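Observations on chain architecture
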Amino acid sequence: MSEYILETQDLTKEFKGFTAVDSVNLRVQRGHIHALLGPNGAGKTTCFNLLTKFLTPTRGRIAFNGVDITGESSAQIARRGVIRSFQISAVFPHLTVLENVRIGLQRFTGTSFHFWRGLSGLQKLDHRVLELLELVDLRDMAGVKAADLPYGRKRALEIATTMAMEPQLMLLDEPTQGMGHEDVDRVTELIKRVAEGRTVLMVEHNMRVVSRIADRITVLARGAVLAEGDYATVSKHPAVLEAYMGTEATELQGAH
């Protein structure tokens, strides 16, 4: 098995003459946390949309576990174990924390759409649900409605639901966006914990988060790869510092 779980070759997306993603060659190493970094409009989320087939590439190739998945649908790619969370927290607000995670687990029981059946069969899943909630520090809030969770805890719930689907590759899109320092620190530690033995590809703006947990970083600017390497290498790269002009450049250098 290749050391790279995901590889792209010349991945490109054009919109009426505008190139949002420009010949991106990405290699995500198995078992690593790999961050996509870049200023606003750099093409990071568009790249995620291509990898999960929410968008179709104009040209280029995507391989997962050595298999060309460029022509596959979003559902086929998810069944392969590429599971994505979104910038905006995606939970069922009127269900409890436990019920949200249980829905993710139902995928493996053959009961995904059997909502009219009794709860007894589904309750057999609850031991695993509680294990996942323990992992993300939400076990004590299992009976709370998702709508009543603070924002940072909703993101933790979303990660638990993503984990319930047993991803081989977790794609996290701006997992700390809109959070205060305390929530950022909590979610950063959470990502580090759930990434053990797994592979994570994340889009992230927060330099401090990236400096603390990313094994490898790919910096995008204007849709193209600007630099790649570990944080120490990338944070000193002249082109990266130029792309992050002003306060962001200072933050980039001082994040560690």
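Overview of the structure.

Cut-offs applied
Residues numbered from 1 in each chain as written. Predicted model: local features only at pLDDT ≥ 70, side-chain atom pairs only at ≥ 80, totals over all residues. Heavy atoms only, no water. Pairing = 2+ DSSP bridges. Helix = DSSP H or I, 4+ residues; strand = E, 2+ residues; numbered from the N terminus. Axes fitted to C-alpha atoms, helices over the stretch in contact; angles between N-to-C directions. Contact = heavy atoms within 4.5 Å. Buried < 20%, exposed > 50% of the residue type's maximum accessible area, 1.4 Å probe, protein only. Expected span 1.5 Å × (residues − 1).

Structural notes on the sheet that holds strand 4 (residues 33-37)
- Across the sheet, which stays open at both edges, the six strands sit in the order 7-8-9-4-10-11 with mixed pairing between neighbours. Only two strands of the sheet have a single partner each, and these edge strands are strand 7 (82-85) and strand 11 (224-229). Geometrically, the sheet is characterised by an average inter-axis angle of 20° between neighbouring strands, direction not taken into account.
- Inspection of the sheet shows strand 10 (residues 216-221) paired to strand 11 by five bridges, in the antiparallel sense. Considered in strand 11, the bridge of L220 is made with V225.
- Of the strands in this sheet, strand 7 and strand 8 (169-173) are in contact with helix 6 (residues 151-164), which crosses strand 8 at around 155°.

So, unusual backbone geometry
- We note that S23 has phi near 50°; this positive angle belongs to a residue other than glycine.
- Here S23 shows up in strand 2 (residues 18-24).
- Exposure remark for S23: the relative accessible area of 35% places this residue in the partly exposed category.
- Even without being glycine, R222 reaches a positive phi, approximately 50°.
- Relative to the elements of secondary structure, R222 occurs in the loop between strand 10 and strand 11.

A look at helix 6
- In this model helix 6 runs 20 Å from its N-terminal to its C-terminal C-alpha over 14 residues, within 8% of the 20 Å that 1.5 Å per residue would give.
- The element helix 6 is largely enclosed, with a buried count of 12 among its 14 residues.
- Of all the residues in helix 6, the buried ones are G152, R153, R155, A156, L157, E158, I159, A160, T161, T162, M163 and A164.
- Buried-residue contacts for helix 6 involve strand 7, helix 3 (97-106), helix 5 (126-135), strand 8 and helix 7 (181-194).
- After helix 6 finishes, the residue E166 shows a positive phi value of roughly 50°.

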